[in-house]
Amino acid sequence: MTATLASAGTYLVYYGCMSDTMIRTNVYLRPRQKARLSAAARRSGTSEAELIRLAVDRVLDDPPPARRKPQTGFITAPPFVHKIDELLAEGFGMHGGSPT
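Residues numbered from 1 in each chain as written. Predicted model: local features only at pLDDT ≥ 70, side-chain atom pairs only at ≥ 80, totals over all residues. Heavy atoms only, no water.

Asker: How would you explain the overall build of the protein chain if you had to name every residue and give the values?
Answerer: The number of helices and strands found in the protein chain is three helices and four strands. When the helices and strands of the protein chain are read in sequence order from the N terminus, they spell out β-β-α-α-α-β-β. Roughly 9200 Å² of accessible area belongs to the protein chain as shown, and the carbon and sulfur atoms make up 58% of that amount. (Helix = DSSP H or I, 4+ residues; strand = E, 2+ residues; numbered from the N terminus. Areas by Shrake-Rupley, 256 points an atom, 1.4 Å probe, with all protein chains shown as cover.)

Below, the structure is given as structure tokens:
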């Protein structure tokens, strides 16, 4: 059995021969996701597994944009380690190693 998601949020179900080999996998869902998935499967007359396969295909066909990784951990500012003594001296009002 194969199902396709129509644009109006309803599912069109048609029967066909499943020629693809399936590989069993586990998916961890939050309780709310599981409840919504179960309800959608009941409404559409489609298995939860088929709805998950449809969702996976949709993501693979139109992947979300890649997340940019910060350049230096969580800080995206240029590194300042090489001038830390100078910055600390400025912050404490010291120039040339003596208080101003």
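Asker: Lay out the confidence of the model for the protein chain with the relevant residues and their values.
Answerer: Across the protein chain, the average pLDDT comes to 76, with 63% of residues at 70 or higher. Helix α1 (residues 31–44) holds the highest mean pLDDT among the elements of the protein chain, 97, whereas strand β2 (residues 11–14) holds the lowest, 48. Of the regions scoring below 50 in pLDDT, residues 11–15 engages in 18 contacts with residues more than four places distant in sequence or in other chains. (pLDDT = per-residue confidence, 0-100. Contact = heavy atoms within 4.5 Å.)

Asker: Describe the pattern of salt bridges, listing the residues and the values that go with them.
Answerer: Throughout the structure, instances matching the rule amount to two salt bridges. The salt bridge partner of Lys34 is Glu48, with a shortest N-O separation of 2.5 Å. You can see Lys34 sitting in helix α1 and its partner Glu48 sitting in helix α2 (residues 48–61), a full 14 residues away along the chain. Look at Glu48 and you get partly exposed, because its relative accessible area is 24%. (Salt bridge = Lys/Arg side-chain N within 4 Å of Asp/Glu carboxyl O. Buried < 20%, exposed > 50% of the residue type's maximum accessible area, 1.4 Å probe, protein only.)

Asker: An account of the nonpolar core is needed here, citing residue identities and associated values.
Answerer: Of all hydrophobic cores here, the largest spans five residues; its members are Leu37, Ala40, Ala41, Leu51 and Leu54. Looking at this core, the elements with two or more residues in it are α1 and α2. With three residues, the single largest contributor to this core is α1. (Core = buried A, V, L, I, M, F, W, Y, C linked by side-chain atoms within 4.5 Å.)

Asker: Account for the packing of α1 against α2, naming residues and giving values.
Answerer: Look at α1 against α2: their axes get within 9 Å of each other, and the N-to-C directions meet at 105°. The pairing of α1 with α2 is recorded here as roughly perpendicular in orientation. Note on element contacts: α2 touches α1 through Glu48, Leu51 and Ile52, opposite Lys34, Leu37, Ser38, Ala40, Ala41 and Ser44. Tallied by class, residues from the contact of α1 with α2 come to five nonpolar, two polar and two charged. (Axes fitted to C-alpha atoms, helices over the stretch in contact; angles between N-to-C directions. Parallel < 35°, antiparallel > 145°, perpendicular 65-115°, else oblique. Nonpolar A, V, L, I, M, F, W, Y, C, P; charged D, E, K, R; others polar.)

Asker: An account of the environment of Leu29 is needed here, citing residue identities and associated values.
Answerer: Mapping Leu29 onto the fold places it in the loop between β2 and α1. Judged by relative accessible area, Leu29 falls into the partly exposed class, the value being 36%. Those residues in contact with Leu29, other than ones at most four positions away along the chain, are Lys34 and Leu37.

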